[in-house]
Structure formats: structure tokens, C-alpha cells
Amino acid sequence: MRDLIYLILTCALCFGVSLDGHTQTPKRTKQAVQRKTKARGGAPALDLPAAMGVDTARFGMLQYRNVGPTRGGRASCIAGVPGEPNIFYMGTAGGGVWRTEDGGRSWEPISDDYFGGTVGGIAVAPSDANVIYAGGGEQTLRGNVSYGYGMWRSVNAGKTWTQIGLEDARHIGRIRVHPNDPDHVYVAVMGDLYKASDTRGVYESMDGGATWKRTLFANADAGAVDLSFDPYNPRTMYASTWRVRRTPYDFSSGGEGSDLWRSTDSGANWEKLTGHGSDRRSAGKPIGQGLPQGTLGIIGVAPSPAQRDRVWAIIEHKEKGGVYRSDDGGNTWQYTNSDRNLRQRAWYYSRIYAHPTDADQVYVMNVAYWHSKDGGKTFDRGMASHSDHHDLWINPDMPRIMAIADDGGAQVTTDGGDNWTDYHNQPTAQFYRVTTDNHFPYRIYAAQQDNSTIRVSHRATARDNDFRSWESSAGCECGHLAPKPDDPEIVYGGCYDGFLERLNHRTELSRVVSVYPDNPMGHGAEGMKYRFQWNFPIFFSPHNPDKLYTASQHLHATTNAGQTWEMLSPDLTSNDSSRMVSSGGPITKDNTSVEYYCTIFAAGESPRVEGVLWTGSDDGLVHVSRDGGANWNNVTPPDLPEWTMINSLEVDPHNDGGCYIAGTRYKLGDYQPYLYHTTDYGATWRRMDRGIDREHFTRVVRVDPTDPKLLYAGTESGVYVSFSGGDQWQPLQQNLPVVPVTDIALKDDDIILAT
């Protein structure tokens, strides 16, 4: 059996046994591997190691090993502990909950033995720091956004965790614990991002999560995203709801249901502060006077602990977006700042925080974080160790101590933001694709979200924190990478909108070799000559080390290092103009190629027969050419549901006419796995995902190069193996936490996972 040792960075730390026999202590226990996870939608509970098939006792001490880099990735929430200035908890994108006990100098995962996935909300009970709540599913709704697994509670400061319901919440934007009762908790549930859902709204539990009741519901398309207590009277609460929807080709922020709310009876009743004219009154007082009218988007809200009845809000609105302040508990509002820097890409940020002791100080999160000392009139720019800031915790007793969550993880300051701890101490990055080269010893390549691409020796471990074993490579955060087969010092890497870079590591010479000399950043997919997706394919021919392929809606090839390109195919997508639109919704347009649609998303050439080419599109079509691209046939599996994204494609090394595909439909609200195999050039297909949890949608399938019965699949919740050619699957978690497995590479006798 293949040695399972190489893991390219996960959002949770795990060590194991390497080929040289050196052992490192696993972070996960056997109990963790043997626990059950409850499936949604009536799917049966899945015993992670046992399932059906080969007895996992035969796997013995096979373990995954983290090869790094130790460089932080996106974190969406952060919480500290009053009275414990060095303790902070971070909720990560895909890797569960992490803790530091030394003020951010080091971090450790504390949820791996119980749950994983993305954490969107975290809260420490003000009256009992042993009680911690964590809510699954981030509110930072990127194109690669990841859901969670409901609500979890610890009563011993994170040593153990218990699931406490709301399993169908999908995404949780905020958690608030009553200041005097650790069992009394409120949760802002965003719900399913891809379809209408009745699970949205504000939920309350008075018994530590044993039971829940919903207290606020806007509509089936608008969930709750922010939530706060009045520091002077916890019976008064503020909440915001947000209409937001992702599809495979669009993102829309704003519309009916996006509102700001207030309750004065602990959430039993809520009154809407937005959407009223200036004459709207309650008990003789105005309601929400001064707030913008018309279509609203995401709203952040924060009452001030330093001044009774002062409330801050950051509001997405086309003409009057920005910072608002109320000094009478939300009855009337002043529009204090409209600076676009505070509200750009509003859907990704829009969080606001009141200073605990100075009523005129307020913070707003965005690419930078922004700090006002004059009541919100002017703001100064601040930057932690990374950019794209999502959450902030300010120590209420020592407000110069703060912790921030951003696209580089979490950092801590003790001097009010003049200096921040580093983020090269937390292996929590997100990688989309992984490949290897032919160097000896071989190196692993991947692209990290909101950071660089990397290459790292497969012999490295996550302890190589001085970076001697890894370096940046071609392309940027979103791209595929393709090392030249006969010269691994030459690497091609992709970036936004079809940008393609050739990097010579030997000379450090970088050259742009894009198919088309245009970067249409900010423009929708409509009217483009070539539609390159954010994560477009790049790969070399297995028969010609000088032949490089890439794909837009067409397949392209070069044999002269990108100086010229040949178009090898017609449009191999549906070319549906209704799905090629400018993205962003009614308020803020947002086009970075993430939502570009009707593109070739996966492609490959047969390692057995030169000129046999396969493509899979993000709109659900599979094509094959048997003559190097001169002619193409649509061979889409007849039972593949319409609009399924072909996320990855594996040309069969054991059959001339063979190909495997992994499809996903999660952006349509369908979380099932879709794996298919053909051996006759697509004339017939066999669906082969039996044994994979019906909620674990599939991103990748790989076949062993020497054993056609041995296959591996990466899903949103872990990795699976089949010993029967795909007839039956079973989990292969071992010491791997519950994380999204985004890609798999096989090299020599090793398995490499991108997570």
C-alpha cells in the first residue's frame, strides 16, 4: 500500500511518520479518528475510520505529515479573555479553532479531536472564561468560502468540545454570550449561501445549547450576520440581516431583508430601524431617522461601552454607504464618513468596533483597518502583519491590547496597533491546487490564498519555520503551477484573468507569457475575447516537455515557451450569455474572475496516447479529442446534473480511452459527491461515489499509477480511498483533521494533499 505521509498545508496541524522512520507525536488522538460526524439532510452518520471496505487496522501507523509552510491563512473571527491578556482564540477558514497562550507568539489547534471546517463565530462567556462557543461557517463569503458544522461548546477552556445543535446553520456570522449567564447565548445564523433557507436568523439558547429558539427571521434569502448587546442593558440588542447569494457565475449582496434591527426585551421582539421614512415614530420617538433609504447590503453594528446609547454602524449602500452614528440608541443617526476605503468590497468586510473606554474612538475593518478618534468624522489607516481584516477583539480592561483576524490568520498588539505579532507561526493557509516536479528530491508546488505561490521540498516539515526549505514561485494566490518536466527550475504559474508567468528560478527572470495581452480586472465576463477563470488550468504534455497547455473557453497550447499560442478548440462550454454577467449585485460590483463562467476548468492529455485531450468545464460539459484538438466530441455523462462544475479531471493511465472526473454542485445548493469514470472515450460512464458521505462534495479524484483499483478522492470534509476501482469508498483520515481537501497529487510512493 502507498505510504501516506505528505500533507501540504492544512488549516490544522498534524504530524506523523515519515519514510525515513522518524516519528513525531500526532496532535490527534485515536478517539478523534474514531468519532462519528452527523450528516445533514437525513444522510446516515459516517464512522470516519470504519465505514465499509478494508479494515483500517491494516493502515497501521500510516500518518500524514505537515510539510508547511508555517504561514497563516484566512481567519474570520477572534476572541480574547478579559483578565488573561495573553490568551486568544481564532476561528480559521477550514481548520477549526486555534489558541495562543503567549500573546500570539505561537498557536495550537484545539478542536481537531472534535470538529473541523471553517469557524465563523467564536465567543468566550464574559462571566466564565471556561465556557467557549464556536460556530461553523465563515461570513467572509469569497468564491472559495467554506461552510461549517453547527454550534460547538467547551466548558473547560477548549480542552474538550460538545456539539450543541444548529447543524444546518451552514454559516454563522456572530455569537454573543449574555454578560451574566454563560448558558444564555445568541447566534446570528446566515444559513445556506446558495439557495433559500428557513434556518436563517437570530437564535437564542438559555441552556447552553441544549435547546434553541429563533427570535428574528427576515426572510428565506436574508440571514443574520451581526449581533451585539447594549453594554449598559443586555436586554437591548442590535442585529443586522443580510440578503446575499452566491451562484457559480454571480455574487449578489443586498436587497430585500438587508436591515438593521433593535430589541429591547432580550430578543423576544424586534423592530426594524431601516427602511422607514423620516416621519416613522414609535412611542412618540423617531425610528432609524437618518439611515439611508432604498436598497441596503451588509451592515455591521456596535454599541459603545464608553457612552450610553451611542451606537455605530457601517452600511453598504450605493449612494450613502459608510459609517453612521446614533447617540440615542438607534432612534436618530448621523452620517459621519463616506470614505470608499472603509467600504470597498463591502461584502468581504463591513465590521465595526467601538473602543471600550473612549466614546469617540471606533475601528472599521477593510483591506486595511481604520481608526477614528473624533467620533467617526475622520479615520487613520492601520495595517496589521497582513491585509484584509475581518474581526477585531479589544481588551476591555487594557484597550491597547487587541487581536485581529485577517487573511493571514491572527495577530496581537500590546501597543494599540503600533506593532503586531507575526503570522509565520500558524499553519492555517488555504491551497487550491498541488503539483510536483522532477527534481531530486522532488518539490511540491501550490498557491496560497492571499499570499504567494510556493515550492517546498517534500522532505520538509512544518517546523522549518525559518523558510530555508521553501520559496515563492511563479503566478499568484489563485493559480495552477506547471514546472517544466525536463527543467524544474522553469515554472509557469497562473494569476487573475488569464495572467500567466514564466519564472526561471535559476536566473530569477520573470516573463509574462499570457495568451492574450489584456487584464480585464473589474469587468464582467460578458464581451471578453477569452474567458479565463480565476483558477484556470495549466499543464505540460506528458509526451513533449516543451508543449504547455492552458484553457479559457478554448484549449490553448504553446511549444515556444509562451511566445506564441495556438488555439486548439472551439468554445467547449455552453457559452450561455445569461450566465456571463457582471458580478456583485445591486450595490457594489465585484469582478476578479472568480465568477467568470462558461470556462474550461479542468483539462489533461492522455499519458498513454499522444493527442488524446480531455476538457471539463465549470458549466458541466466534458469533451474529448483523439487527434490533438482537430476534432472534439461532447461526451458529457448523460446522468450528470446540468451545470455541474467539473472541478478536476484525471486522464486514466491504465486505459487508452479512460478518464475520471470529479464534479461539484455545492454552489447550486447540492452537496452530493459526483465521481465518474469512462474507459471508452466517454461513450459510456460509470458513476462511482458509493460510500462517500452525501454531504461531502467531491473536489478531486486520483488513480494510482500502478494499481487501477486504488483511487483517492478529496472532499470538503476529508479524504477517501477506494480499493475496488471506485465501486466502494471509505475514509482515509488517519491523523488528518476534518478539513477541505482541495487537490491530491501522487508522486513516487507518496500522496500529497492540498487543504
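Up top is the structure these notes are about.
Keep in mind that what you see is a predicted model, and the values were worked out from it rather than measured.

Peer 1: Run through the overall build of the protein, naming residues and quoting values.
Peer 2: Along its length, the protein carries one helix and 60 strands. For 755 residues, the compact-globule estimate of 2.2 N^0.38 gives 27 Å, and the protein sits close to it at 25 Å. For the protein, the spread of C-alpha atoms along the principal axes amounts to about 80 × 55 × 50 Å. Going through the 755 residues of the protein one by one, you find that 66% of them count as buried.

Peer 1: Now, about the state of the cysteines: what can you tell me, with residues and values included?
Peer 2: Summed over all chains, the structure comprises one disulfide. The partner cysteine of Cys 476 in its disulfide is Cys 495, sulfur to sulfur 2.0 Å. Taking the torsion about the S-S bond as the criterion, the Cys 476 to Cys 495 disulfide, at about 95 degrees, is right-handed. Remark: Cys 495 occurs in the loop between strand E40 (487–494) and strand E41 (500–504) and Cys 476 occurs in the loop between strand E38 (470–472) and strand E39 (481–484); sequence separation between them is 19 residues. With a relative accessible area of 13%, Cys 476 lands in the buried category. A relative accessible area of 10% places Cys 495 in the buried class. In this structure Cys 598 is not part of a disulfide, and its nearest cysteine sulfur, from Cys 478, lies 19 Å away. Residue class for Cys 598 comes out buried when judged on its relative accessible area of 0%.

Peer 1: Which residues make up the side chain of Arg 343, and what values do they have?
Peer 2: In this fold, Arg 343 is placed in the loop between strand E27 (334–337) and strand E28 (351–354). Of the side chains with opposite charge, Asp 339 comes closest to the buried, unpaired Arg 343, at an N-O distance of 7.0 Å. At 3.0 Å, the side chain of Arg 343 forms a polar contact with the backbone oxygen of Gly 321. Leave out the neighbours within four places in its chain, and Arg 343 touches His 317, Lys 318, Gly 321, Gly 322, Ser 338 and Asn 366.

Peer 1: Mind laying out the environment of Glu 108, listing which residues take part and the relevant values?
Peer 2: Residue placement: Glu 108 occurs in strand E8 (residues 108–109). Accessibility expressed as a relative area gives 27% for Glu 108, which makes it partly exposed. A sequence separation of 646 residues divides Glu 108 from Ala 754, and the C-alpha atoms of the two residues are 20 Å apart.

Peer 1: Just give me the short version of the pairing of strand E33 (residues 402–406), but keep the residues and values in it.
Peer 2: The element E33 is extensively covered by neighbouring structure, given that five of its five residues are classed as buried. Every second residue of E33 is oriented toward a common face, with Met 402, Ile 404 and Asp 406 on one face and Ala 403 and Ala 405 on the other, all of them buried. Relative to E33, strand E32 (residues 389–394) runs antiparallel, the two being bridged by five bridges. The residue bridging His 389 from the neighbouring strand is Asp 406, located in E33. Remark: two residues form the turn of the hairpin made by E33 and strand E34 (residues 409–413), two consecutive strands paired antiparallel.

Peer 1: Provide a residue-level description of the sheet that holds strand E31 (residues 380–382), including the pertinent values.
Peer 2: Taken together, the four strands give an open sheet; going across it, the order is E28-E29-E30-E31, and neighbouring strands pair in antiparallel fashion. Each edge of the sheet is formed by a strand with only one pairing partner; in this case those strands are E28 and E31. For this sheet, the mean inter-axis angle between neighbouring strands, taken without regard to orientation, is 25 degrees. In the sheet, strand E29 (residues 362–365) pairs with strand E30 (residues 369–372) via four bridges, with the strands oriented antiparallel. Counterpart to Val 362 in the pairing with E30 is Ser 372.

Peer 1: Give a description of the packing of aromatic side chains that names residues and reports values.
Peer 2: Per the stated rule, a full pass over the model turns up 25 aromatic pairs. With a centroid separation of 6.0 Å and an interplanar angle of 80 degrees, the aromatic rings of Tyr 147 and Tyr 149 are classed as edge-to-face. On the basis of an interplanar angle of 65 degrees and a centroid distance of 6.2 Å, the ring pair of Tyr 147 and Phe 697 is categorised as edge-to-face. Taken as a pair, Tyr 147 in the loop between strand E10 (132–136) and strand E11 (151–154) and Phe 697 in the loop between strand E54 (686–687) and strand E55 (698–703) lie far apart in primary sequence, 550 residues in all. Phe 697 matches Tyr 147 in its accessibility class, with the two residues each being buried. Connected via pairs of aromatic rings, a cluster forms that spans Tyr 147, Tyr 149, Tyr 194, Tyr 666, Tyr 671 and Phe 697. Looking at Arg 170, its charged tip hangs above the ring of Tyr 671, at a distance of 3.8 Å from the centre. The ring of Trp 643 is capped by Arg 579, whose NZ or CZ atom sits 3.8 Å from the centre of that ring.

Peer 1: Tell me about unusual backbone geometry, and please be specific about residues and values.
Peer 2: Residue Pro 69 is reached from Gly 68 by a cis peptide bond, and omega for that bond is 5 degrees. Inspection of the secondary structure puts Pro 69 in the loop between strand E4 (65–66) and strand E5 (75–81). For the bond running from Phe 440 to Pro 441, omega is -5 degrees, close enough to zero to count as cis. One non-glycine residue, Asp 309, lies in positive phi territory at about 75 degrees. With respect to the helices and strands, the residue Asp 309 is situated in the loop between strand E24 (299–303) and strand E25 (311–315). Judged by relative accessible area, which is 34%, Asp 309 ranks as partly exposed. Phi at Ser 350 takes a positive value of approximately 55 degrees, unusual for a residue other than glycine. Mapped onto the secondary structure, Ser 350 falls in the loop between E27 and E28.

Peer 1: Now, about the side chain of His 696: what can you tell me, with residues and values included?
Peer 2: Here His 696 lies in the loop between E54 and E55. For His 696, a relative accessible area of 8% puts it in the buried group. Looking at His 696, its side chain comes within polar contact range of the side chain of Tyr 720, at 2.8 Å.

Peer 1: Residues and numbers for the nonpolar core, please.
Peer 2: Membership of the largest hydrophobic core comes to 36 residues, with the highest contact counts inside it found for Tyr 89, Val 97, Phe 115, Ile 122, Leu 141, Trp 161 and Trp 242. Only E5, strand E6 (84–92), strand E9 (119–124), E10 and strand E18 (233–247) provide two or more residues apiece to this core. Residues in contact with Val 97, not counting those within four places in the same chain, are Met 90, Glu 108, Pro 109, Ile 110, Ser 111, Phe 115, Val 119, Ile 122, Ala 134 and Trp 161. Counting residues in hydrophobic clusters, the runner-up holds 16 residues, among them Ala 602, Val 651, Cys 659 and Tyr 681.

Peer 1: Can you break down the pattern of salt bridges residue by residue, with the values?
Peer 2: The full count for this structure, using the stated rule, is 37 salt bridges. A salt bridge links Arg 153 to Asp 183; the shortest N-O distance between them is 2.4 Å. Within this pair, whereas Arg 153 is found in strand E11, its partner Asp 183 is found in the loop between strand E13 (172–177) and strand E14 (185–189), the two being separated by 30 residues in sequence. Beyond isolated ion pairs, a larger network of salt bridges with shared partners links Asp 437, Arg 443, Arg 455, Glu 471 and Glu 489.

Rules used throughout
- Residues numbered from 1 in each chain as written.
- Predicted model: local features only at pLDDT ≥ 70, side-chain atom pairs only at ≥ 80, totals over all residues.
- Heavy atoms only, no water.
- Helix = DSSP H or I, 4+ residues; strand = E, 2+ residues; numbered from the N terminus.
- Rg over C-alpha atoms; globule rule 2.2 N^0.38 Å.
- Buried < 20%, exposed > 50% of the residue type's maximum accessible area, 1.4 Å probe, protein only.
- Disulfide = S-S within 2.5 Å.
- Lys, Arg positive; Asp, Glu negative; His and termini not counted.
- Salt bridge = Lys/Arg side-chain N within 4 Å of Asp/Glu carboxyl O.
- Polar contact = N/O pair within 3.5 Å; in protein donor to acceptor, adjacent residues only side chain to side chain.
- Contact = heavy atoms within 4.5 Å.
- Pairing = 2+ DSSP bridges.
- Axes fitted to C-alpha atoms, helices over the stretch in contact; angles between N-to-C directions.
- Phe/Tyr/Trp six-rings, centres within 6.5 Å; stacked < 30°, edge-to-face > 60°.
- Lys NZ or Arg CZ within 6 Å of the ring centre and 35° of its normal.
- Core = buried A, V, L, I, M, F, W, Y, C linked by side-chain atoms within 4.5 Å.

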